[in-house]
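The lines below spell out each chain.
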Amino acid sequence: MSEFYRPELVEALRLVAKASDAVAEQGHQRPVLVGGAAAELATLGELISGDLDIVTPWQEEFEAALEDAGFVRSIGPGSFSRGFQHPFLDVGVEVVGRTLMDGRGSYDRVFLLRLDNGRAVSVICIEDLIADRMAQYNCPPNYDLQALDQAEKLYQLAFDVDKDYLNRRIVEETVGDFDLAFLEKKAYARDND
């Protein structure tokens, strides 16, 4: 794994995995990695994220485990309110929600990424990750072209995509403004450039 990714990301994932294991050992469902760091994993480091976004209803337990793993609560100018930073890594961790995709994401599709230290991180499925990027794109009047670019890259790099599920999730996340046909048209147009 480490040959594809930034050393800071790999080490941060190891520490987040340690914290996730602690939450699971308490009998809770494992926290799930979502957002930019999940996109960085899916694109083999082509997209870069500055933090690891986590979804878990057990925020207090997870944050205590993060502190045990060496993270410290972010404070002061430029910090994010619910976030943690590692004193030696240029990576933050933030709990961004209690449920996956505000209850619309599928926990059955979350995959367990096993790390080289024997620990594991739960990661959002590629379909929900793409749908999330499409939702970020669908912010009129200034459509977020970077989010659309990320959705295209994720779709192009994905394998074994459940297209029916992905289409449903894009439609849900964009409130019917976009669908898989739109994304495919954009992604294939890029391939032909």
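Computed from a prediction, not measured in an experiment: that's the story for all the values here.

Below, the discussion takes up the pattern of salt bridges. In a structure, side chains of opposite charge can pair up when their charged atoms sit close to one another. The full count for this structure, using the stated rule, is 16 salt bridges. Here Asp149 and Lys153 are joined by a salt bridge, their closest N and O atoms 3.2 Å apart. Of the two residues, Asp149 and Lys153 are both situated in helix H5 (residues 145-157); the distance of four residues between them amounts to about one turn of the helix. By the burial criterion, Asp149 is buried, and Lys153 matches it.

Okay, the packing of aromatic side chains next. Aromatic ring pairs: the centre-centre distance and the angle between the two ring planes describe each pair. For the structure shown, the criterion picks out five aromatic pairs. When the ring of Tyr137 is compared with that of Tyr143, the centres are 5.2 Å apart and the planes differ by 35°; the resulting orientation is tilted. According to the relative accessible area criterion, Tyr143 is partly exposed, its value standing at 37%. Ring centres of Tyr137 and Phe182 lie 6.1 Å apart, and the angle between their planes is 20°; this geometry places the pair in the stacked category. Of this pair, Tyr137 sits in helix H4 (residues 126-137) while Phe182 sits in helix H7 (residues 180-191), and the two are 45 residues apart along the sequence. Three or more aromatic residues link up through ring pairs in this structure, and these residues are Tyr137, Tyr143, Phe178 and Phe182.

What counts as what
- Residues numbered from 1 in each chain as written.
- Predicted model: local features only at pLDDT ≥ 70, side-chain atom pairs only at ≥ 80, totals over all residues.
- Heavy atoms only, no water.
- Salt bridge = Lys/Arg side-chain N within 4 Å of Asp/Glu carboxyl O.
- Helix = DSSP H or I, 4+ residues; strand = E, 2+ residues; numbered from the N terminus.
- Buried < 20%, exposed > 50% of the residue type's maximum accessible area, 1.4 Å probe, protein only.
- Phe/Tyr/Trp six-rings, centres within 6.5 Å; stacked < 30°, edge-to-face > 60°.

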